[in-house]
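Geometric and topological summary
Here's the letter readout for the chains.
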Amino acid sequence: MNPFEYLKPSDARAALEGIAMPTPSNAWQTPPRFVAGGTNLLDLMKENVVRPSRLVDINRAVSDKVEPMPDGSVRLGAAARNADTAYHAVVSTQLPLLASAILAGASPQIRNMASNGGNLLQRTRCVYFYDAGVPCNKRAPGSGCPAREGLARQHAVLGASPHCIAVHPSDMCVALAALEATVHVRSLRGERDIAFADFHTLPGDTPDIDSSLAADELIEHITIPPSGQYAAHSIYLKLRERQSYAFALVSVAAALDLDGDGRIRSARLALGGVAHKPWRDLSAEGLMTGHKPHTDLFEEVASTVLRSAQPQGVGAGNNAFKIPMARRAVVRALETAALGTVTNTGDNVR
Ligand code: SF4
């Protein structure tokens with residue numbers, strides 16, 4: 001591993017100053033990085049994908065708490081661990097969709113270490129991205145995208161570009177997208193809230209950029225607005241190559257708010273494993289408003305969500321199977337949510 005400086009500041013301002021401090025200009029080094037759990041960043045460093053000149057440890061600089069707020073929202077500290085978040089009483093009772101999504105991800109050991117802020121910023125698991133010996137537009141812009149003619153089973157069917165077909169690997173983020181979270185960030189220039197829909201970006205012609213977070217900004221916390229209306233009818237459905245410790249081929253976060261007559265007052269739907277960001281389609285959600293849950297309705301929703309889906313890759317490595325898989329997963333998730341919340345406790349992956 002390459003040498004790097006290490007700082008552990010005790011507040012956010014010192015952390016931001018630590019990132020902004022000049023570093024020796026060694027051509028082989030990459031810019032300083034914040035680190036919390038390090039469950040993805042250290043992999044990237046060991047694989048020589050990034051070579052930060054300095055790590056600024058933010059574990060004492062930002063909150064590690066999960067806090068219910070007076071207005072009914074829930075604030076997740078950026079340094080709070082994924083496991084502590086999922087098993088927190090407020091999250092498991094009021095936000096079962098979020099708890100289930102977190103517990104569908106990674107392994108118990110990784111969830112014990114991984115932070116909420118880091119979960120948002122984890123990089124794609126495209127195998128070419130992690131292999132510094134091959135081209136990759138995300139790692140080295142302009143070098144090419146071998147996934148387009150290689151192994152693309154894990155890759156995008158929505159929102160891809162000629163420059164990159166990678167997907168965002170997070171489960172937690174799919175639920176946060178469905179729940180319309182906001183991300184609170186701070187820099188030495190000030191602070192701002194980013195709507196979750198605007199946080200992650202599509203690859204376009206800048207596949208090296210994953211989010212709208214600026215290099216000098218620090219995630220302080222994530223806020224989920226009051227979402228109790230969805231607690232009784234939600235599910236995070238994750239389809240993957242094996243039952244534990246695997247990234248989603250397709251995942252669906254579905255939540256319904258039903259009135260006393262059983263009609264859908266509002267619906268939330270987000271897909272994972274299919275795009276460079278959690279995929280949400282407001283027009284598909286709107287189709288459900290005012291209707292009673294029904295398979296025909298949910299099939300129309302699924303067709304709407306996937307209307308622009310395109311397979312990627314060639315030969316045995318192509319991912320055309322994901323499109324019908326996603327269509328069936330949407331229908332199954334909505335049908336299941338209509339019957340009542342299904343909670344993933346994480347027990348199946350211990
Ligand atoms: Fe790199 Fe994206 Fe292509 Fe993977 S899909 S090889 S991350 S450019």
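Up top is the structure.
Figured I'd write up the structure that's included with this text. (Residues numbered from 1 in each chain as written. Predicted model: local features only at pLDDT ≥ 70, side-chain atom pairs only at ≥ 80, totals over all residues. Heavy atoms only, no water.)

The next thing to look at is empty space enclosed by the protein. Summed over all chains, the structure comprises five cavities of 30 Å³ or more. Counted as a void, the largest cavity has a volume near 80 Å³. In this structure, the largest cavity is lined by 15 residues; those nearest its centre are Cys-126, Cys-136, Cys-145, Ala-147 and Cys-164. Residues that form the lining of the largest cavity fall into these classes: ten nonpolar, four polar and one charged. Looking at the second largest cavity, its volume works out to about 40 Å³. Among the residues forming the lining of the second largest cavity, the class breakdown is two nonpolar, four polar and three charged. (1 Å grid on protein atoms, 1.4 Å probe; cavity = no way out; pocket = protein on both sides within 12 Å on 5 of 7 lines; lining within 4 Å. Points joined across faces, edges and corners; volume = space filled by probe spheres on them. Nonpolar A, V, L, I, M, F, W, Y, C, P; charged D, E, K, R; others polar.)

Moving on: the sheet that holds strand 12 (residues 279-280). Taking strand neighbours across the sheet as the criterion, the four strands line up as 9-10-11-12 in an open arrangement whose pairing is antiparallel. Every interior strand has two partners, whereas the edge strands, strand 9 (234-240) and strand 12, have only one. Taken together, the eight bridges between strand 10 (residues 248-258) and strand 11 (residues 264-272) define a ladder with antiparallel strand orientation. For Ala-255, the partnering residue across the bridge sits in strand 11 and is Arg-268. On the sheet, helix 11 (residues 295-305) packs against strand 10, strand 11 and strand 12 and is oriented at approximately 45° with respect to strand 11. Its contacts with the sheet place helix 12 (residues 322-339) against strand 9, strand 10 and strand 11, and it is angled at close to 30° to strand 10. (Pairing = 2+ DSSP bridges. Helix = DSSP H or I, 4+ residues; strand = E, 2+ residues; numbered from the N terminus. Contact = heavy atoms within 4.5 Å. Axes fitted to C-alpha atoms, helices over the stretch in contact; angles between N-to-C directions.)

Attention shifts here to the packing of aromatic side chains. A complete count under the given rule lists two aromatic pairs for this structure. With centroids separated by 5.4 Å and ring planes inclined at 85°, the aromatic side chains of Phe-129 and Tyr-130 adopt a geometry described as edge-to-face. This pair shows no difference in class: Phe-129 is buried, exactly as Tyr-130 is. Note on Phe-196 and Phe-199: the rings are 6.3 Å apart at their centroids and 20° apart in plane angle, and the pair reads as stacked. One end of the pair is Phe-196 and the other is Phe-199, both in helix 9 (residues 196-199) and three residues apart, which spans about a single turn. The buried category is assigned to Phe-199, whose relative accessible area is 0%. (Phe/Tyr/Trp six-rings, centres within 6.5 Å; stacked < 30°, edge-to-face > 60°. Buried < 20%, exposed > 50% of the residue type's maximum accessible area, 1.4 Å probe, protein only.)

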